[in-house]
Amino acid sequence: MIDFVALAQAGVRGLRAYDPGHDLVALRRQHAPVPLVELGSNENPYGASPKARQAVIDALEGLHIYPDPLGGDLKRALAVKHDVEPAQVLLGNGSHELLMQFAQVFAGAGDEVVASQFGFAVYALAAQAAGATLRLAPALAHDHAMPRGHDLDALLSAITPRTKLVYLANPNNPTGTWYSATAFAAFLAQVPAHVLVVVDEAYAELADADDYASALGLLAAHPNLIVTRTFSKAYALAGARVGYAIAHPDCIAVMERVRESFNVNALGLAAAEAALADTAHLQATVAANARQRQLLADALRARGRWLSPSQTNFLLVEFGEATARIEAALVQRGVILRPMGGYGLGDCLRITVGKAEQNACLLVALDEVMA
Ligand SMILES: *Cc1c(COP(=O)(O)O)cnc(C)c1O
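Residues numbered from 1 in each chain as written. Predicted model: local features only at pLDDT ≥ 70, side-chain atom pairs only at ≥ 80, totals over all residues. Heavy atoms only, no water.

Undergrad: I'm lost on the overall build of the protein in this one. Help?
TA: Across its full length, the protein carries 14 helices and 13 strands. A compact globule built from 371 residues should have a C-alpha radius of gyration of about 21 Å, and the protein, at 21 Å, falls within 12% of that. Residue pairs at least 24 apart in sequence account for 73% of intrachain contacts in the protein once pairs closer than 6 positions are excluded. Entry remark: accessible area of the protein is about 16500 Å², with carbon and sulfur atoms responsible for 56%. When the 28 positive and 36 negative side-chain charges of the protein are each reduced to one mean point, those points stand 3 Å apart. (Helix = DSSP H or I, 4+ residues; strand = E, 2+ residues; numbered from the N terminus. Rg over C-alpha atoms; globule rule 2.2 N^0.38 Å. Contact = heavy atoms within 4.5 Å. Areas by Shrake-Rupley, 256 points an atom, 1.4 Å probe, with all protein chains shown as cover. Lys, Arg positive; Asp, Glu negative; His and termini not counted. Charge placed at Lys NZ, Arg CZ, Asp CG, Glu CD.)

Undergrad: Would you mind showing me how to read the sheet that holds strand 8 (residues 243-246) here?
TA: In any sheet, the strands associate via hydrogen bonds between backbone groups, in a parallel or an antiparallel arrangement. Across the sheet, 7 strands lie side by side as 2-8-7-6-5-3-4; this open sheet has mixed pairing. Of all strands in the sheet, those bounded by a partner on one side alone are strand 2 (89-92) and strand 4 (133-137). Each adjacent strand pair in this sheet contributes to an overall mean axis angle of 20 degrees, direction not counted. Pairing of strand 6 (residues 196-200) with strand 7 (residues 225-230) involves 4 bridges; the strand directions are parallel. Looking across to strand 7, one finds that V197 is bridged to L225. Contacting strand 5 (163-169), strand 6 and strand 7, helix 9 (residues 181-190) crosses the sheet at an angle of about 160 degrees to strand 6. On the sheet, helix 10 (residues 249-256) packs against strand 2, strand 7 and strand 8 and is oriented at approximately 35 degrees with respect to strand 2. (Pairing = 2+ DSSP bridges. Axes fitted to C-alpha atoms, helices over the stretch in contact; angles between N-to-C directions.)

Undergrad: Is there a simple way to think about the pairing of strand 5 in this case?
TA: Across a regular strand the side chains alternate sides, sitting on one face of the sheet and then on the other. In terms of residue burial, strand 5 counts as a mostly covered element, since 6 of its 7 residues are buried. Of the pairings in the sheet, the one linking strand 3 (residues 112-116) to strand 5 comprises 3 bridges and is parallel in character. Bridge pairing in strand 5 links V113 to L165. With 5 bridges connecting them, strand 5 and strand 6 associate as parallel partners. Note that in strand 6 the partner of Y167 across the bridge is V198. A crossover connection joins strand 5 to the parallel strand 6 through helix 9; in handedness this β-α-β unit is right-handed. (Buried < 20%, exposed > 50% of the residue type's maximum accessible area, 1.4 Å probe, protein only. Right-handed = clockwise from strand over helix to strand, strands pointing away.)

Undergrad: Explain the sheet that holds strand 12 (residues 338-339) here, please?
TA: Strand order in this open sheet of 4 strands is 9-10-13-12, and the pairing throughout is antiparallel. At either margin of the open sheet sits one strand with a lone partner, and together these are strand 9 (306-307) and strand 12. For strand 9 and strand 10 (residues 314-318), the ladder comprises 2 bridges, and the chain directions are antiparallel. Following the sheet pairing, L307 is matched in strand 10 by V317. Sheet strands in contact with helix 12 (residues 279-302) are strand 9, strand 10 and strand 13 (348-352), and its direction is about 10 degrees off that of strand 10.

Undergrad: Just to check I follow, could you spell out the nonpolar core for this structure?
TA: One recurring pattern in soluble globular proteins: nonpolar side chains tend to sit buried together. Counting residues in hydrophobic clusters, the biggest one holds 56 residues, and the most contacted among them are F184, F187 and F231. Among the elements that take part in this core, helix 11 (residues 266-277) stands out by supplying 7 residues, more than any other. In this structure, this core is formed jointly by two domains, domain 1 (19-42 + 280-370) and domain 2 (50-277), each of which donates at least three residues. Counting residues in hydrophobic clusters, the runner-up holds 27 residues, among them F120, L165, I226 and M255. (Core = buried A, V, L, I, M, F, W, Y, C linked by side-chain atoms within 4.5 Å. Domains from an automatic or database assignment.)

Undergrad: For this particular structure, what's the right way to read the site of the ligand?
TA: Around the ligand, the structure places G94, S95, H96, F120, N173, D200, A202, Y203, T230, S232, K233 and R241. Here N173 contributes a side-chain N or O atom positioned 2.8 Å from an oxygen atom of the ligand. At 2.7 Å, a side-chain N or O of R241 approaches an oxygen atom of the ligand. If the ligand stood free it would expose 390 Å²; the protein chains cover 92% of that surface. Taking a 2 Å distance to the grid points as the criterion, the majority of the atoms of the ligand fall inside the second largest pocket. A class-by-class count of the residues in the shell around the ligand yields 3 nonpolar, 6 polar and 3 charged. (Near = heavy atom within 4 Å. Polar contact = N/O pair within 3.5 Å; in protein donor to acceptor, adjacent residues only side chain to side chain. 1 Å grid on protein atoms, 1.4 Å probe; cavity = no way out; pocket = protein on both sides within 12 Å on 5 of 7 lines; lining within 4 Å. Sits in = over half its atoms within 2 Å of the grid points. Nonpolar A, V, L, I, M, F, W, Y, C, P; charged D, E, K, R; others polar.)

See the structure below:
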């Protein structure tokens, strides 16, 4: 017998694998031919741009050849969109890959990585896998205007001389909360210049609050700032696995040393380029999400549920002591939400905002289960 855990490097020994929620493939088979109402993974229910689908079909011609290892066309398009240089863009097999790699590259044994309580789970995973020590800053109190959201002052206080990296999400998953552009600028001004600040903006395109702004505007003044984005959410390409980071060109150059040469595949590159160009499709789905987010939030509040403010395509909803029972009963009815026990929020469920008909199915099932 080989004890593979003992053979693993120290950081990996203490790790638990990322919890993807339910085994959806198995559940789909169980419920077939009736489709599930899948509101557990924050996917975009409106689907990808038809132009992205066509681009994937066209790209099949080249299925036998390697993709562009530089992803040059997509990088240039992203550089134009965000008004940066192509050398400031790093492409990833989803942004998850890049979030992991920043810790691998910039933090190790003896170093500290700072993240927020109730921050996206990948940050803790990234820190631990790299062998670094994770320091979790307490989140804002439940009675704050941004309940369980990032407390930027607490994050600042968690920075020590050993800190290499800080991970924040704006807006955050699973809370849906955000912090204002002015609050973040004040925060960044106080972070020591050698501490890298990763701002995960997976939901940025979906945010429309007056006080919300991307951190991208601060890049020129702060070479320690890194912003990550993804094509998985607003662009509806979760299956294609394309994400990116924008940072100082020297930071990107170091990251390129560990990037697997063909990490973004040819179909993903083609889909992302076409999706990026189809701004009308993006705008239409973002508007539809905002409308359904409001309607679903109203409907849940009308049923006496407490929920977190959200600038995303999901809602964090409290169901109290009955949460596990409610969740299980919904699964039985083919409605899939995301349990939050892994985040220490066992009394909450995270509900992806679906299309009108999916949200209606959810509410009908919820009313049955809660009766
Ligand atoms: C979904 C999500 C991501 C990762 O998405 P990829 O599909 O890996 O690009 C990153 N951060 C947050 C906060 C997310 O919710």
